[in-house]
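Architecture and fold: a report
In case you want the letters, here they are:
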Amino acid sequence: MNVINSISEFHRLLSLTEPRHPLVSVINLSESVFLEDEIWKGFVNRFYCVALKREAKGKIRYGQQHYDYDKGVLSFTAPNQVQQLELQNMECGSGYLLIFHPDFLLQHTLANSIHHYGFFDYAVNEALHLSAEEEDDLITILHKIDKECQHIDKHTQEIILTQIESLLKYSNRFYERQFLTRKNNNSALLTKFEQLIDGYFNSEVQSLLTVQYIAAQMSLSPNYLSDLLRVHTGQNTQQHIHEKLIVKAKEKLSTTSLSVSEIAYALGFEHAQSFSTLFKKKTNLSPLEFRQAFT
């Protein structure tokens, strides 16, 4: 797999001059020309990338899905994610790329908190579609970062990271807006989610239901599904799974004579103790204590 290790190398591949700062850069796409290079057929970056693209044309593959860039979107990629670009008939259009190396975050709170921004693990087709006002807000921040890169001193890192953190917080807000404004589409997703969970537990369960499995069945990334559910229901995917699992467990404990081990196995647990631990955590009762209330 081809690896783009540095921001300087990425600049070269876009026919740009050396970056002003070795660990962070704001790239104007209208000034970029992608070199015809084999690297685009399959590569990973060693840095974070926030892409705000307008009127760009071309295809990118990120993870297992293709995305067709033909309108303004904001997308995020984390370091070490496999990507592919199709350069045929590709036009960069206008927009910006903010790229920054994980080393730039060292000794700053963002080094830990950046993992809380789940959209870095969304699939490309789950990109954020911005309103004109939202786009202006983010471009203002990008311009501030770019300006700060022009005069590096002891304050540069803190000022730029404050701006990056602000951009990420705005993006969180805008994603929540998108979850809520796409009400009809998301209602269908929520219905499908409930049907999948019910169908899984009503079938002959072979293993414990996981977030990854149900997200794959919905053709969504696990983080996107959890964030969507959290906005609409207040619970993430794992919490929903546990809630449904406890409901099924209570049903079996109160209406059947199956042993706790048999119920645990029927719900997909490999070990009865894991089931008992989860059940007590959620109900403050052991499975046997719950069953005794019905005898």
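Let me begin by describing the structure that accompanies this report. (Residues numbered from 1 in each chain as written. Predicted model: local features only at pLDDT ≥ 70, side-chain atom pairs only at ≥ 80, totals over all residues. Heavy atoms only, no water.)

1. Overview of the overall build of the protein
Looking only at helices and strands, the protein has 11 helices and nine strands in total. Residues counted as buried form 46% of the 295 residues belonging to the protein. Considering only contacts in the protein between residues 6 or more positions apart, those separated by 24 or more positions represent 72%. Surface accessibility of the protein: about 15500 Å² in total, with carbon and sulfur atoms responsible for 47%. (Helix = DSSP H or I, 4+ residues; strand = E, 2+ residues; numbered from the N terminus. Buried < 20%, exposed > 50% of the residue type's maximum accessible area, 1.4 Å probe, protein only. Contact = heavy atoms within 4.5 Å. Areas by Shrake-Rupley, 256 points an atom, 1.4 Å probe, with all protein chains shown as cover.)

2. Overview of the sheet that holds strand β2 (residues 24-28)
Taken together, the four strands give an open sheet; going across it, the order is β2-β9-β4-β7, and neighbouring strands pair in antiparallel fashion. Two strands lie at the open edges of the sheet, namely β2 and β7 (73-77), each paired on one side alone. Each neighbouring strand pair of the sheet contributes to a mean axis angle of 10°, computed without reference to strand direction. Where strand β4 (residues 48-54) and β7 come together, five bridges link them in antiparallel fashion. Across the sheet, the residue bridging to C49 is T77, located in β7. Helix α3 (residues 132-148) contacts β2, β4, β7 and β9 (94-100) of the sheet and is inclined by roughly 130° relative to β4. Contacts from helix α4 (residues 156-181) reach β2, β4, β7 and β9, with the element oriented near 120° to β7. (Pairing = 2+ DSSP bridges. Axes fitted to C-alpha atoms, helices over the stretch in contact; angles between N-to-C directions.)

3. Concerning the packing of aromatic side chains
Across all of its chains, the model carries 22 aromatic pairs by this definition. The interplanar angle of 70° and the centroid separation of 5.5 Å between the aromatic rings of F10 and F47 together place this pair among those described as edge-to-face. Residue F10 is located in helix α1 (residues 7-13), and its partner F47 is located in the loop between β3 (43-45) and β4; the two are separated by 37 residues in the primary sequence. Neither residue differs from the other here; F10 and F47 are each classed as buried. These aromatic residues form a ring-pair network of at least three members: Y48, F76, F100, Y117, F119, F120, Y122, Y175, F179 and Y224. (Phe/Tyr/Trp six-rings, centres within 6.5 Å; stacked < 30°, edge-to-face > 60°.)

4. Some points on the environment of H232
By the element assignment, H232 lies in helix α7 (residues 222-233). According to the relative accessible area criterion, H232 is partly exposed, its value standing at 28%. It is 8.8 Å that separates the C-alpha atoms of H232 and L190, two residues lying 42 residues apart in sequence. Here H232 is in contact with F179, L180, N186 and L190, once residues within four sequence places are set aside.

5. Describing the pairing of β7
By the criterion of burial, β7 is predominantly enclosed, with five of the five residues buried. Alternating positions in β7 separate into two faces, V73, S75 and T77 on one and L74 and F76 on the other, with burial throughout.

6. Some thoughts on the environment of I114
Position of I114 among the secondary structure elements: in the loop between α2 (110-113) and α3. Separated by 51 residues in the primary sequence, I114 and E165 have C-alpha atoms spaced 8.4 Å apart. For I114, the contacting residues outside a window of four places in its chain are Y48, F100, L105, F120 and L168.

7. Remarks on unusual backbone geometry
Despite not being glycine, N80 shows a phi value in the positive range, around 70°. Topologically, N80 is positioned in the loop between β7 and β8 (83-91). With relative accessibility at 43%, the residue N80 sits in the partly exposed group. For S219, which is not glycine, the phi torsion reads 60° and is therefore positive. Mapped onto the elements, S219 comes out in the loop between α6 (211-217) and α7. Looking at S219, the relative accessible area reads 48%, which means it is partly exposed.

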